[in-house]
2 protein chains.
Amino acid sequence: MLSFWRHGYEATSLSDLTSAMGITAPSIYGAFGDKKTLFLEAVQLYVSGPVNAETIIDSAPTSRHAAAGLLEASAVGFTGRDTPRGCLLASSTISCSAAAADVQAELASIRRKIETRLKEKILRDTKTGAAPPEANAGALAGHIMAVIQGMSTLARDGASREKLRQIAAAAMLGWPA
Amino acid sequence: MLSFWRHGYEATSLSDLTSAMGITAPSIYGAFGDKKTLFLEAVQLYVSGPVNAETIIDSAPTSRHAAAGLLEASAVGFTGRDTPRGCLLASSTISCSAAAADVQAELASIRRKIETRLKEKILRDTKTGAAPPEANAGALAGHIMAVIQGMSTLARDGASREKLRQIAAAAMLGWPA
DNA sequence: ACACTTCTATAGTGACCGATATGAAACAAC
DNA sequence: GTTGTTTCATATCGGTCACTATAGAAGTGT
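The structure presented is a predicted model; accordingly, all values stated were derived computationally and were not measured. Sequence order sets the numbering: in each chain, residues are counted from 1 along the sequence as written. Here the convention is simple: chains get letters from A, ligands get numbers from 1, in the order in which they are written. This being a predicted model, a pLDDT of at least 70 is required before a residue's local features are given, and a value of 80 or more before pairs of side-chain atoms are given or counted; all residues contribute to the totals for chains, interfaces and linings. The basis for every side-chain value is the complete set of heavy atoms in the structure, and neither hydrogens nor water enter the calculation.

What follows deals with the protein's contact with DNA strand C. The nearness test applies per residue and asks whether one of its heavy atoms lies within 4 Å of the molecule or strand. Around DNA strand C, the neighbouring residues are Thr24(A), Pro26(A), Ser27(A), Thr12(B), Ser13(B), Leu14(B), Ser15(B), Ala25(B), Pro26(B), Tyr29(B), Asp34(B) and Lys35(B). In DNA strand C, atoms within 4 Å of the protein come 69% from sugar and phosphate. In this structure, Leu14(B) approaches DNA strand C through a main-chain N or O atom, which is 2.6 Å from a phosphate oxygen. Secondary structure follows DSSP: runs of H or I at least 4 residues long count as helices, runs of E at least 2 residues long count as strands, and numbering of each begins at the N terminus. Of all elements in the fold, only helix H3 (25-32) of chain A together with helix H2 (14-21) and helix H3 (25-32) of chain B reach the threshold of two or more residues within the surface near DNA strand C. No other element matches H3(B), which puts three residues into the surface near DNA strand C. Whenever two N or O atoms come within 3.5 Å, that pair is a polar contact, provided that in protein one can donate a hydrogen and the other can accept it, and provided that, for residues adjacent in sequence, both atoms are side-chain atoms.

Take a look at the structure:
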């Protein structure tokens, strides 16, 4: 999975996987079917890990806390010592061939779900008074998602955890109320 | 070049290029040397085109105008009718094999140059009074770059030009002064 | 001990990758 | 008209891709 994280879906070859996992190709195909399924199961592990977006959003008291929590988790998670830089979900199928368009769409769908969940959290806050009623929930959620995507690329380019934290702080400067 | 833009550096094959350019493989190698050089020349064309980051930054009256101008140019450029979605510079080497690490580093260097130029514009404004002296130039510039990176991915995922404009507006809400 | 199932490794499938050697066609010089 | 040079396409290079057919090893039940 680290190979998928580091090099992306298509640039990771079966021989990369066999040598990293310590098993041979027929075992992989017996257990997972094909490369695509193996990748999507790795993604599923990633997005439902101990620190995952849905949990952060749902357990936050307000949408502001949710946004800040997502950004902080990203700053930490994208610069881990024992993992590749950046985000598996954000970087592994950004550009790929037409043959992988369905995998790309699958990951885009996961990203959209996270954005929608954040947007609805903001919307609820505008109704309860925890956020100004005129706040543009779609724009705010989209902005946070864009920043997270960008932090992934910056982490891959070598940005430090502290730099990502400063970017997160700059992103939260415009949060309403 | 559109093939590089749409599918990225490694996912674009020589046969994609020959059929798109209407010439044969030996002609490409005679003219450019290899695939890597051809790609980097395409990137050079892209980043020095009629609407390019350096010009936007340098011709803006203030760093605030520069940031807003970069975001607006991104919203428009990433959703063009006759070009692939997103940004060639932001998406074509996000994840690639170890063999393309040098190409990846080259594009990262170009992105860093743009960020540095924006940061220095902000720094100058903090000295002339056009921006508050306590503004964190590095964080602000990094934030704008992250948003642009993220807008590229969102555009690829299908976000409309209007959606990107709203994200840009949300990103500028926190701009100081 | 023996038949049977399960698992995995060796070896190889056709297809495509980036990059070229080779030969034919077009053109310039005289 | 002949020669030398340049241009470009056909055909092919070795290598790697995702994937699998085959066969042997390990384990189980009786």
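Further remarks concern helix H10 (residues 161-172) of chain A. Helices are assigned an expected span. That span is 1.5 Å times one less than the residue count. Compared with the 16 Å implied by 1.5 Å per residue over 12 residues, the 17 Å span of H10(A) between its first and last C-alpha is a close match. Working definition: with a 1.4 Å probe on protein chains only, accessible area under 20% of the residue-type maximum means buried, over 50% means exposed, and in between means partly exposed. Listed as buried for H10(A) are Leu164(A), Ile167(A), Ala168(A), Ala170(A), Ala171(A) and Met172(A). For H10(A), the secondary structure elements touched by its buried residues are helix H6 (63-77) and helix H9 (137-156) of chain A together with helix H9 (137-156) of chain B. The contact rule is simple, with two residues in contact once any of their heavy atoms fall within 4.5 Å.

The immediate surroundings of DNA strand D are formed by Thr12(A), Ser13(A), Leu14(A), Ser15(A), Ala25(A), Pro26(A), Tyr29(A), Asp34(A), Lys35(A), Thr24(B), Pro26(B) and Ser27(B). Among the atoms of DNA strand D close to the protein, meaning within 4 Å, 75% are from sugar or phosphate groups. Between DNA strand D and Ser13(A), the relevant distance is 3.3 Å, taken from a phosphate oxygen to a side-chain nitrogen or oxygen of the residue. Between DNA strand D and Leu14(A), the relevant distance is 2.6 Å, taken from a phosphate oxygen to a main-chain nitrogen or oxygen of the residue. The biggest single contributor to the surface near DNA strand D is H3(A), with three residues.

Our next topic: the pattern of salt bridges. Residue and element names in this part refer to chain B. Note on definitions: salt bridges are taken to be side-chain nitrogens of Lys or Arg within 4 Å of carboxyl oxygens of Asp or Glu. One pass over the structure, following the stated rule, counts 14 salt bridges over all chains. For Glu 72, the salt bridge identified is with Arg 165, shortest N-O distance 2.8 Å. Placement of the pair is Glu 72 in helix H6 (residues 63-77) and Arg 165 in helix H10 (residues 161-172), with a sequence separation of 93 residues. Overall, the relative accessible area of 34% leaves Glu 72 in the partly exposed class.

This part is about the interface of chain B and chain A. Across the contact, 38 residues belong to chain B and 38 residues belong to chain A. In this assembly, chain B packs against chain A so that about 2900 Å² is buried in total across both faces, 57% of it on carbon and sulfur atoms. Summed over the three residues of chain B that lose the most area to chain A, namely Ile94(B), Ser95(B) and Asp157(B), the buried surface amounts to 18% of that side. For the interface between chain B and chain A, the tally reads four salt bridges. The salt bridge involving Arg111(B) is made with Asp157(A); its shortest N-O contact spans 3.0 Å. The interface formed by chain B and chain A includes 19 residue pairs in polar contact (both at pLDDT 80 or more). A 1.4 Å probe defines the accessible area here, and the buried area is the portion of it lost by two parts on being joined, summed over both.

Our focus in this paragraph is the packing of H3(B) against helix H4 (residues 35-47) of chain B. For any two helices packed against each other, one specifies the inter-axial angle together with the distance between the axes. Residues and elements named next belong to chain B. Axis geometry follows a simple rule: fit a line to the C-alpha atoms, using only the stretch in contact for helices, then measure angles between N-to-C directions, giving values from 0 to 180 degrees. Between H3 and H4, the shortest axis-to-axis distance is 9 Å and the interhelical angle comes to 70 degrees. Classed by the angle they form, the pair H3 and H4 counts as roughly perpendicular. Here H3 runs over H4; the crossing is left-handed. Packed against H3, whose contacting residues are Ile 28, Tyr 29 and Phe 32, the element H4 presents Lys 35, Thr 37, Leu 38 and Glu 41 at the interface. Side-chain classes follow a simple rule in which Ala, Val, Leu, Ile, Met, Phe, Trp, Tyr, Cys and Pro form the nonpolar group, Asp, Glu, Lys and Arg form the charged group, and the remainder, Gly included, forms the polar group. When its residues are assigned to classes, the contact of H3 with H4 shows four nonpolar, one polar and two charged. Any angle that falls under 35 degrees is termed roughly parallel, while one over 145 is termed roughly antiparallel, one within 65 to 115 roughly perpendicular, and all others oblique. If you view the pair so one helix is near and one far, a crossing is left-handed when the near helix is turned anticlockwise from the far one by less than a right angle, and right-handed when it is turned clockwise.

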